[in-house]
Amino acid sequence: MSESAAGATLRGLGVSPGLAAGPVCRMEDPSHLRGRPWTAASPAEEADTAVRALLAASLGLAALAEKAAEPEARAILEAQSLIAADPLLQEAVRENVRDGMHALDAVTAACDHHRDALLAAGGHFAERAADLADIANRAVAAALDVPMSAIPDPGHPYVLVAEDLSPADTVTLDPATVLAVITERGGPTSHTAILARARGVPAVVACRGARELRDGTPVTVDGALGEVRTGVGDAEAAEVRRREAARRSRLRASTGPGRTADGHPVKLLLNIGSAADLDAEVSAEGVGLFRTEVLFLDRRTAPDMDEQVAAYEAVFRALPGDRVVVRTLDAGTDKPLPFLGLPEETNPALGVRGLRVARARPDVLDAQLDAVAAAARATGVRPWVMAPMVTTVAEAADFARRARARGIAHVGAMVEVPAAALQASRLLAELDFLSVGTNDLSQYTCAADRQHGELADLLDPWQPALLRLVAECGAAGRRAGKPVGVCGEAAADPLLAPVLAGLGVTSLSMSGPSVPAVREALAARTLAECEEAARAALEADGPAEARARAGADRPERDPDA
Amino acid sequence: MAERKVTVMSEVGLHARPAATFVQTAAQAPFDITVAKFGVPPVNAKSILSVLALDVRQGETIVISADAEGADELLDRLAEIASAS
């Protein structure tokens, strides 16, 4: 490939494989709105401008609410719209203007004041604090008559460039229009990465220099290698699109159960959040991770029993294959659940999350297990159930007791905490299976925040220390004759799949679009070769050496190239 | 002065959806409406921030008041919303 004179290559982490070519469209960072020049009019006019801006923000949010597909998203946006129109905010901006502020400062200060009050109140209230910051940005944008930060809609397909994407941003991301995603921040397990992979959108995160990409610049994106090239011509762009179309059709054609070259089975399962994620085009052997918190996320109230049973039934009835692993509620740092009323924590990643929530709210866990059992009875499906963030044998035993009391036959635990991996054999004495959540296990093993772009190298699933903990679980499973799966994003890495199989992992669970490439990778090696690759990777000093030793240091071959 | 005294029955108290419905309904009135909880000064029933800050839990009693002609019908509706489980 030739570099055109104006071309440059930016590098980041490739987190969602695939190729794309198209013009850049940037998502504005809302903080750019603050401190804009503003010519103040008379106090009376400033006050009216400020109030109008709040009402415009309220209307905008109400319109977004109407467009939202999920009822949860709609409820959140409606509540936020109501807050933007609150008479207290209007009184506050008028008072601020009387104190000499101009309209923009008056709006910002009023929202900041109420945000601080909510944060101080904690619990439920603190949950709404971010809403007020967003309302301030929206109102200021309305007053300035500039577009609010949102997924752009330029009227043609484009490559989305953003500092980072919030879960709310991703709600509005349309895979038909967004050809690829490039973010300056984020790591391999950030929301951007997970959602992009789930939707089959090529993505490069932690991309230095993405800040310099301007709207309309034609780029190509390689979501496997983490490369972004600028200054590409039409012919090159057309070639990239042709190769991507060929790659997709080749992957779609792949079917059948997961097997090594010599027939050792490694089940290929799906990670889903609801029945809507079950893609009929993907051939898989079941669901390895049903993230039930999607049903709870952003809820102001707990879903009632009927609603829960219906959601679980919908998944059980739509299952590909015969396996479904339901993970009980995983609330935490990046997934706050307002209705739980948990107090704010200074260090939420190390706080009350996952199964630990049951210490304060055992009723929520029991109700969920009741609902899973009811859906199982109604459908005849025998679901496996596992708890997130299990740390001790006692926790595992208590969870198993609760689940078995409701007739659930297969009870397991997620291994996300190093303590659980080190006790894998003891956990399996209480449980029927384990499932290694490599995203959190990386975060806790290497003490690196999952969302921290600067520390992405520590979150690399090829870190030998992480692989050692997976090996501990795999060996425990072999000794006990019980299944040990991997359901973190590591399971979606076709280069790592043979290593995991070699470590004793019996199933890999990933987003639908990742399945075909993992199936192909497994089929290319015998179990003995997988075990040899695993041994070699464990002996490495770092991720690059582990890849090289396992024979995976070359980028994925493209037979169409 | 017309008023209604009701016990909040919703599991989430006067938060979340019930609070939003309550405030949206109150906001339709052309007159002032307040809502109070025992021992706490009344607040503007049209302000979601104020109603949330009142922090009414399930089983607590509130007093909804308005001082206007024809307030009865709206107060009945607000009482109904607040007491729905």
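For the structure, check the block above.
Everything quoted here is computed from the prediction, not taken from an experiment.

> I would appreciate a short explanation of the side chain of A:Asn96 in the present structure.
Residues and elements named next belong to chain A. Structurally, the position occupied by Asn96 is in helix H3 (residues 87-98). Judged by relative accessible area, Asn96 falls into the buried class, the value being 14%. The residues contacting Asn96, other than those within four sequence positions of it, are Met101, Ala106, Ala109 and Ala110.

> Quick question: what am I supposed to make of the interface of chain A and chain B here?
Often, the extent of an interface is quoted as the loss of accessible area upon association of its parts. With 16 residues of chain A in contact, the opposing surface of chain B contributes 16 residues. Between chain A and chain B, a total of about 1300 Å² is buried, with carbon and sulfur atoms accounting for 74% of that surface. Counting every contact that joins chain A to chain B gives 1 salt bridge. With a shortest N-O distance of 3.2 Å, A:Glu78 and B:Arg17 are connected by a salt bridge. At the junction of chain A and chain B, the tally comes to 4 residue pairs in polar contact (both at pLDDT 80 or more). Top element by residues in the side of chain A that touches chain B is helix H2 (residues 71-84) of chain A. It accounts for 4 residues. Taken together, the residues of the side of chain A that touches chain B break down into 9 nonpolar, 3 polar and 4 charged.

> What should I look at first to understand helix H3 (residues 72-83) of chain B in this one?
Residue pairs three or four apart in sequence face the same way in an α-helix, which turns once every 3.6 residues. Residue and element names in this part refer to chain B. Here H3 contains 12 residues, and its C-alpha end-to-end distance of 16 Å stays within 8% of the 16 Å for a straight helix at 1.5 Å per residue. Looking only at H3, the buried set comprises Leu74, Leu75, Leu78, Ala79 and Ala82. Down the axis, H3 shows its buried residues gathered within 140° of arc, on one side only. In this structure, H3 carries Glu73 and Glu80 as exposed residues pointing more than 90 degrees from its buried face. Looking at the packing, one finds that the buried side of H3 touches strand S1 (2-7), helix H1 (16-26), strand S2 (33-37) and strand S4 (61-66).

> How should the packing of aromatic side chains be read in this particular structure?
Aromatic ring pairs are reported here in terms of the distance separating the ring centres and the angle at which the planes meet. Residue and element names in this part refer to chain A. Scanning all chains against the criterion turns up 2 aromatic pairs over all chains. With a centroid separation of 5.9 Å and 85° between ring planes, the pair formed by Phe290 and Tyr312 is classed as edge-to-face. Of this pair, Phe290 sits in strand S10 (residues 286-291) while Tyr312 sits in helix H11 (residues 305-318); the two residues are 22 residues apart in sequence, bridging distant segments of the chain. With a centroid separation of 4.9 Å and an interplanar angle of 50°, the aromatic rings of Trp384 and Phe433 are classed as tilted.

> Looking at this structure, how should I read the sheet that holds strand S15 (residues 484-486) of chain A?
In a beta sheet, neighbouring strands are held together by backbone hydrogen bonds and run either parallel or antiparallel to one another. Residue and element names in this part refer to chain A. One closed barrel holds the 8 strands; their spatial order is S9-S10-S11-S12-S13-S14-S15-S16, and the pairing between them is parallel. Averaged over all pairs of adjacent strands, the angle between their axes in this sheet comes to 25°, without regard to strand direction. Note that S15 and strand S16 (residues 507-510) share 2 bridges and pair parallel. For Gly485, the partnering residue across the bridge sits in S16 and is Ser507. Contacting strand S12 (384-387) and strand S13 (410-415), helix H14 (residues 393-404) runs over the sheet at an angle of about 145° to S13.

> Could you clarify how one ought to interpret the environment of A:Ala447 in this entry?
Residues and elements named next belong to chain A. By secondary structure assignment, the location of Ala447 is in the loop between helix H17 (438-445) and helix H18 (464-480). Judged by relative accessible area, which is 68%, Ala447 ranks as exposed. Spatially, the C-alpha atom of Ala447 lies 9.0 Å from that of Leu459, the residues being 12 residues apart in sequence.

> How should the pattern of salt bridges be read in this particular structure?
Two side chains with opposite charge may pair up if their charged atoms get near one another. All names here are of chain A. Under the criterion given, the structure shown has 31 salt bridges over all chains. Linking Asp363 and Arg361 is a salt bridge whose minimum nitrogen-to-oxygen distance equals 3.0 Å. Of the residues examined, Asp363 reaches a relative accessible area of 41% and is grouped as partly exposed. We classify Arg361 as partly exposed; its relative accessible area is 23%. With a shortest N-O distance of 2.7 Å, Glu545 and Arg549 are connected by a salt bridge. Here Glu545 pairs with Arg549, and both are found in helix H22 (residues 543-549), just 4 residues apart, close to one helical turn. The partly exposed category is assigned to Glu545, whose relative accessible area is 30%.

Conventions adopted
- Residues numbered from 1 in each chain as written.
- Chains lettered and ligands numbered in written order.
- Predicted model: local features only at pLDDT ≥ 70, side-chain atom pairs only at ≥ 80, totals over all residues.
- Heavy atoms only, no water.
- Helix = DSSP H or I, 4+ residues; strand = E, 2+ residues; numbered from the N terminus.
- Buried < 20%, exposed > 50% of the residue type's maximum accessible area, 1.4 Å probe, protein only.
- Contact = heavy atoms within 4.5 Å.
- Buried area = accessible area lost by both parts, 1.4 Å probe.
- Salt bridge = Lys/Arg side-chain N within 4 Å of Asp/Glu carboxyl O.
- Polar contact = N/O pair within 3.5 Å; in protein donor to acceptor, adjacent residues only side chain to side chain.
- Nonpolar A, V, L, I, M, F, W, Y, C, P; charged D, E, K, R; others polar.
- Expected span 1.5 Å × (residues − 1).
- Arc of directions from axis to C-beta.
- Phe/Tyr/Trp six-rings, centres within 6.5 Å; stacked < 30°, edge-to-face > 60°.
- Pairing = 2+ DSSP bridges.
- Axes fitted to C-alpha atoms, helices over the stretch in contact; angles between N-to-C directions.

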